[in-house]
Amino acid sequence: MRIGAFGRSDAEIDLLVRGMRSGIAVVGFGYIGTVIGAVLADRGWPVTGIDVRQSVVDEINLGKSTVAEPGLSELVANNVRVGRLRATTDFSAIADNDFVIVNVGTPLGPDYEPIVDDIKAAARALGEHLQPGHIVILKSTVPPDTTENLVLPILEETSGLRAGVDFGLAFCPERLAEGQAIQELLSIPVVVGAVDERSARACATLWRHALGVESVIVENPRTAEMVKLADNLWVDLNVALANELAKVCDRLGMDALQVIEAANTMPKGGHPVNILRPSMGVGGYCLTKDPWFVNHLGESLGLDLAIPRTSRNVNDTMPAYTYGLLKQLLADQGKAIETSRIAVLGIAFKNNTGDCRLTPTKYVVALLEESGCELSIHDPWVGVEDAVTVTNVPLTADIETAAEGADALVVLAGHRQFHQTPLSRLAELVSAGCVFLDGRNSFDPAAVRAAGFVYKGIGR
Ligand SMILES: NC(=O)c1ccc[n+]([C@@H]2O[C@H](COP(=O)([O-])OP(=O)(O)OC[C@H]3O[C@@H](n4cnc5c(N)ncnc54)[C@H](O)[C@@H]3O)[C@@H](O)[C@H]2O)c1
């Protein structure tokens, strides 16, 4: 039964949260919602996932999840079994919970604008069941002012309650990275921007006890909304910088990773320089859209911002660049791509995940399919349903069959499983003069060469 967190003193909230007497509802049980919900349940909290997709709800209640994130299936299975995690499509379930965390999607529209329709729908459904004492925390990535100018009025109108008076409201961006989501959720500080001080303090108490992490409290929700966009703009731009350095190093016959590693020893502004790593492309649900959110924001303010467009455009050149490298490598071996046998290893957008949303690998695979080469594709993380969003070629179940007779092994996702097959074994299976293009720079060049391959990485 819900006790009601908002409006209580700090000491009471502390006791409530420390004693795990609060239930937590997680609205939007997709990638991020499932990670947050399963981790909170695993740390002892009663968690209810609420999603509009009946299939997701049914799966969770069977103790299953299709979200391919290391360690997540076990957390979901265990916590559903012991009764700490359940899911429903019914928003009235929030009645039993003190905290409501909202993680619905915010995709990119046709004009590169943020689509906040799911946020509106979730806020409406939530408002209909909101009661005094609830604390609502929005985590979806949104443009500044969404919490206060869109979510708050919908919640107040549908519930007849007042934010900051009857219920708490805050924006706390989710900053974890897929592939290491569980560990990052339990270690990265949470930024809290709330409509009032009591909401902010209640969130900080929750995160301290629920996840064991500290909070960075900023002035208001709009500042916290901007923090998330700043973080992702930095990442996308930084990868673009690494990618252009890699292109230059490729022409100069230099190892970009050595350049970057050494460059990163210079202190600047109190921290070392931190140039990220080049790769065959940037994909996924966040970095492909959040810089455009910033660009759209700039346009709405009458500003012509160059950085978001530049980072997106540079990173979008990488799949075609990678394909060009492969063609050249094969040509150097006296082979034409159209008559070659190519084995692609990994199609997820990121190492050690099965997420194929907006994966840059799709563009390399499309160019390979068009070339007429004989193509085999292997990805141990990706299921059939996701694979068809990337390629028409059916996945090959194991790496050895995929590599058989290959003129080129092309690593597009550096999954840890690929490192478990000895390179010497792969070398036995492939054809003579096989090239090894590591699009994720995840292999040691010397080891690949020592096994007998013609090695090339991105920028090395
Ligand atoms: N994926 C990431 O790595 C990541 C990281 C940080 C932040 N984010 C942000 O988190 C948000 C969610 O991302 P995601 O990857 O989990 O998206 P997702 O598409 O995997 O999940 C969204 C879920 O919300 C559900 N949903 C849609 N409308 C709903 C409604 N009205 N009521 C209840 N549920 C509803 C969908 O059915 C889906 O299951 C986005 O804003 C994203 O930008 C994502």
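Note that this is a predicted model, so its numbers are computed, not measured. (Residues numbered from 1 in each chain as written. Predicted model: local features only at pLDDT ≥ 70, side-chain atom pairs only at ≥ 80, totals over all residues. Heavy atoms only, no water.)

Chemist: Account for the sheet that holds strand 13 (residues 408-411), with residues named and values stated.
Modeler: Remark on secondary structure: sheet strands pair via backbone hydrogen bonds, oriented parallel or antiparallel. Spatially, the five strands line up as an open sheet ordered 12-11-13-14-15, and their pairing is parallel. Taken across any chain shown, the strands that pair with only one partner, and hence form the sheet edges, are strand 12 (374-378) and strand 15 (454-457). Strand-to-strand, the axes of this sheet are offset by a mean angle of 15°, without reference to chain direction. Where strand 11 (residues 341-345) lies against strand 12, five bridges are found, and the strand directions are parallel. Residue pairing across strands places Val344 opposite Ile377, the latter belonging to strand 12. Of the strands in this sheet, strand 11, strand 13, strand 14 (435-438) and strand 15 touch helix 13 (residues 318-332), which is tilted by about 165° from strand 14. (Pairing = 2+ DSSP bridges. Helix = DSSP H or I, 4+ residues; strand = E, 2+ residues; numbered from the N terminus. Axes fitted to C-alpha atoms, helices over the stretch in contact; angles between N-to-C directions. Contact = heavy atoms within 4.5 Å.)

Chemist: How would you sum up the state of the cysteines? Please name residues and give values.
Modeler: A full pass over the atoms with the stated rule returns zero disulfides. Cys172 provides the cysteine sulfur closest to Cys203, a residue in no disulfide bond, and the two sulfurs are 4.3 Å apart. When its relative accessible area of 0% is taken as the criterion, Cys203 is described as buried. Lacking any disulfide linkage, Cys286 is separated from the closest cysteine sulfur, that of Cys356, by 15 Å. (Disulfide = S-S within 2.5 Å. Buried < 20%, exposed > 50% of the residue type's maximum accessible area, 1.4 Å probe, protein only.)

Chemist: Describe the site of the ligand, and please don't skip the residues or the numbers.
Modeler: Lining the immediate environment of the ligand, one finds 28 residues, of which Ile32, Asp51, Arg53, Thr106 and Lys289 sit closest. Between the ligand and the protein, one listed contact pairs an oxygen atom with a side-chain N or O atom of Thr106 at 2.6 Å. Between an oxygen atom of the ligand and a main-chain N or O atom of Thr141, the distance comes to 2.9 Å. Within the complex, 91% of the 830 Å² of free accessible area of the ligand lies under protein. Elements supplying a minimum of two residues to the shell around the ligand: helix 2 (31-42) and helix 5 (117-127). Here the shell around the ligand takes three residues from helix 5, the largest share from any one element. (Near = heavy atom within 4 Å. Polar contact = N/O pair within 3.5 Å; in protein donor to acceptor, adjacent residues only side chain to side chain. Areas by Shrake-Rupley, 256 points an atom, 1.4 Å probe, with all protein chains shown as cover.)

Chemist: Describe the pattern of salt bridges, naming the residues involved and giving the relevant values.
Modeler: Opposite charge on two side chains lets them pair, provided their charged atoms get close. Per the stated rule, a full pass over the model turns up 21 salt bridges. Taking the shortest distance from any N to any O, the salt bridge between Glu174 and Lys139 comes out at 2.9 Å. Of the two residues, Glu174 sits in the loop between strand 6 (168-171) and helix 7 (181-185) while Lys139 sits in the loop between strand 5 (135-138) and helix 6 (146-159), which places them 35 residues apart along the sequence. Across the pair, exposure class does not vary: Glu174 and Lys139 are buried alike. Salt-bridge contacts for Glu400 lead to Arg425; the nearest nitrogen and oxygen are separated by 3.1 Å. A residue pair is termed long-range when its members are at least 10 positions apart, and Glu400 in helix 16 (residues 399-403) and Arg425 in helix 17 (residues 423-429) qualify at 25 residues. Residue classification places Glu400 among the partly exposed residues on the basis of a relative accessible area of 28%. Assessed through its relative accessible area of 30%, Arg425 is described here as partly exposed. (Salt bridge = Lys/Arg side-chain N within 4 Å of Asp/Glu carboxyl O.)

Chemist: I'd like a description of the packing of aromatic side chains, backed by residues and values.
Modeler: Within the structure shown, the criterion is met by three aromatic pairs. Their ring planes at 65° and their centres at 5.3 Å tell us that Phe436 and Phe453 sit as a pair that is edge-to-face. Placement of Phe436 in strand 14 and of Phe453 in the loop between helix 18 (445-450) and strand 15 is noted, with a sequence separation of 17 residues between them. Residue classification places Phe436 among the buried residues on the basis of a relative accessible area of 1%. Take Phe453: its relative accessible area is 5%, and that puts it in the buried class. Aromatic ring contacts, followed pair by pair, group Phe436, Phe443 and Phe453 into a single cluster. Taking NZ or CZ as reference, Lys139 lies 5.2 Å from the ring centre of Trp207, over its face. The ring of Tyr285 is capped by Arg357, whose NZ or CZ atom sits 4.6 Å from the centre of that ring. (Phe/Tyr/Trp six-rings, centres within 6.5 Å; stacked < 30°, edge-to-face > 60°. Lys NZ or Arg CZ within 6 Å of the ring centre and 35° of its normal.)

Chemist: Can you break down a nonpolar patch on the surface residue by residue, with the values?
Modeler: Taken together, the side chains of Val248, Leu252, Met254 and Val259 make up a nonpolar region of the molecular surface, amounting to roughly 340 Å² of accessible area. For Val248, the location among the structural elements is in helix 9 (residues 221-252). We classify Val248 as partly exposed; its relative accessible area is 46%. (Patch = residues over 30% accessible without salt bridge, like charges linked within 9 Å, V, L, I, M, F, W, Y side chains within 5 Å.)

Chemist: Go over the domain arrangement of the chain, please, and point to the residues and values.
Modeler: Entries for the chain in the domain assignment read domain 1 (10-220) and domain 2 (317-457). Inter-centroid distance (C-alpha atoms) of domain 1 to domain 2 is 38 Å. With eight residues of domain 1 in contact, the opposing surface of domain 2 contributes 10 residues. Buried surface at the junction of domain 1 and domain 2, both sides included, amounts to about 580 Å², of which 53% is carbon and sulfur. Connecting domain 1 to domain 2 are one salt bridge. Notably, a salt bridge pairs Glu178 with Arg357, separated by 3.5 Å at the nearest N-O pair. (Domains from an automatic or database assignment. Buried area = accessible area lost by both parts, 1.4 Å probe.)

Chemist: Give a detailed account of the packing of helix 9 against helix 13, specifying residues and quantitative values.
Modeler: Packed helices, taken two at a time, are described by their axes: the angle between them and the distance between them. Remark: helix 9 packs on helix 13, axes separated minimally by 12 Å, with the N-to-C direction vectors making an angle of 20°. Taken as axis vectors, helix 9 and helix 13 run roughly parallel relative to one another. Handedness of the crossing formed by helix 9 with helix 13: left-handed. Together, Asn243, Ala246, Lys247 and Asp250 of helix 9 and Met318, Tyr321 and Leu325 of helix 13 make up the contact between the two elements. (Parallel < 35°, antiparallel > 145°, perpendicular 65-115°, else oblique. Left-handed = near helix turned anticlockwise from the far one by under 90°.)

Chemist: Run through the side chain of Glu178, naming residues and quoting values.
Modeler: As for its placement among the helices and strands, Glu178 is situated in the loop between strand 6 and helix 7. Ignoring any residue separated from it by four or fewer positions in sequence, one finds Glu178 in contact with Tyr31, Glu69, Phe349, Lys350, Thr353, Asp355 and Arg357.

Chemist: Can you tell me about the environment of Trp234, naming the residues and giving the values?
Modeler: Locating Trp234 in the fold gives a position in helix 9. In this structure, the C-alpha to C-alpha distance between Trp234 and Val76, residues 158 residues apart in sequence, is 33 Å. Discounting residues that sit within four places of it in the chain, Trp234 has contacts with Asn274 and Leu276.

Chemist: Talk me through helix 3 (residues 54-61); I want residue IDs and the actual numbers.
Modeler: Of all the positions in helix 3, only Val56, Val57 and Ile60 are classed as buried. The arc that holds every buried residue of helix 3, seen down its axis, measures 100°, which confines them to one face. Where helix 3 is buried, its residues contact helix 2, helix 4 (72-81) and strand 3 (85-88). Gly63 sits one or two residues past helix 3 and shows a positive phi near 80°. (Arc of directions from axis to C-beta.)

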